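# Residue-level structure breakdown
Single-letter residue listing:
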Amino acid sequence: MRYAIPVLLFAALTFGVHGVASAKPLRILYLTKSAGFEHSAIKRHGDELGHSEKVIEKVAKKMGATFTATKDASQINAENLKNYDVVIFYTSGNLTELGTDNQPAMGPNGIADLKAWVEQGGGLIGYHAACDSFRTEGDGISPYTQLMGSEFAGHGK
């Protein structure tokens, strides 16, 4: 499992989002905001990046990509998304709330802007807990869940 994230990232970005023969560097935004449970893989200690951020940054550099890691969900907006080719979510909870990590929340148009950006060709990857964001009550399906294709239901300890 040690190489699972880099291999999946490389495959998804090389063949799925950016294309094999692209001349310009891939621009990656990695959002790790926790408005719910914060996994140890994304937890930061002071200014030091979390484990998954370090791993993906290393892979991105080897690929010649630019990489931005953030816990600031307000960066998911129409204007800022123009600066990226792919956005990766390792998130949890309602990202429009300050939440447990006390990092800036997503604006009220964040999901609509993300959806429009994806519809215009932007790449979206969700890791592990990404389907634990914007969970709905009852039978409703949120626009975020539609983008991700599923919603977290739960798991044992």
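Please refer to the structure placed before this passage.
Residues numbered from 1 in each chain as written. Predicted model: local features only at pLDDT ≥ 70, side-chain atom pairs only at ≥ 80, totals over all residues. Heavy atoms only, no water.

### Describing the pattern of salt bridges
The tally for this structure, following the rule as stated, stands at 5 salt bridges. Here Asp85 and Arg27 are joined by a salt bridge, their closest N and O atoms 3.0 Å apart. Placement of Asp85 in the loop between helix 3 (78-81) and strand 3 (86-89) and of Arg27 in strand 1 (residues 27-31) is noted, with a sequence separation of 58 residues between them. On the basis of relative accessibility, which here comes to 12%, the residue Asp85 falls in the buried class. Note on Arg27: relative accessible area 25%, which makes it partly exposed. A salt bridge links Lys82 to Glu79; the shortest N-O distance between them is 3.2 Å. With relative accessibility at 54%, the residue Glu79 sits in the exposed group. (Salt bridge = Lys/Arg side-chain N within 4 Å of Asp/Glu carboxyl O. Helix = DSSP H or I, 4+ residues; strand = E, 2+ residues; numbered from the N terminus. Buried < 20%, exposed > 50% of the residue type's maximum accessible area, 1.4 Å probe, protein only.)

### Topic: helix 4 (residues 110-119)
Every buried residue of helix 4 is listed here: Gly110, Ile111, Leu114 and Trp117. Along the long axis of helix 4, the arc covered by the buried residues comes to 125°, so they all point the same way. When the buried face of helix 4 is taken as reference, the exposed residues oriented beyond 90 degrees from it are Ala112 and Glu119. Of the residues one or two after helix 4, Gly121 is the one with positive phi, at around 110°. (Arc of directions from axis to C-beta.)

### Brief notes about the environment of Gly107
Tracing the chain through its elements places Gly107 in the loop between strand 3 and helix 4. Taking the C-alpha atoms as reference points, Gly107 and Asn77, 30 residues apart in sequence, are found 7.5 Å from one another.

### A look at the packing of aromatic side chains
Taken as a whole and assessed by the stated rule, the structure comprises 2 aromatic pairs. Where Tyr30 meets Phe67, the ring centres are 6.2 Å apart and the plane angle is 40°; that geometry is what we call tilted. Taken together, the residues Tyr30 in strand 1 and Phe67 in strand 2 (residues 66-70) connect sequence positions 37 residues apart. Between Tyr30 and Tyr127, the aromatic rings sit 6.4 Å apart at their centres with planes inclined by 75°, giving edge-to-face as the arrangement. Linking Tyr30 in strand 1 with Tyr127 in the loop between strand 4 (123-126) and helix 5 (143-148), this pair joins segments that are 97 residues apart in sequence. Of the two residues, Tyr30 and Tyr127, both sit in the buried class. Here the aromatic residues Tyr30, Phe67 and Tyr127 are joined through ring pairs into a cluster of three or more. (Phe/Tyr/Trp six-rings, centres within 6.5 Å; stacked < 30°, edge-to-face > 60°.)

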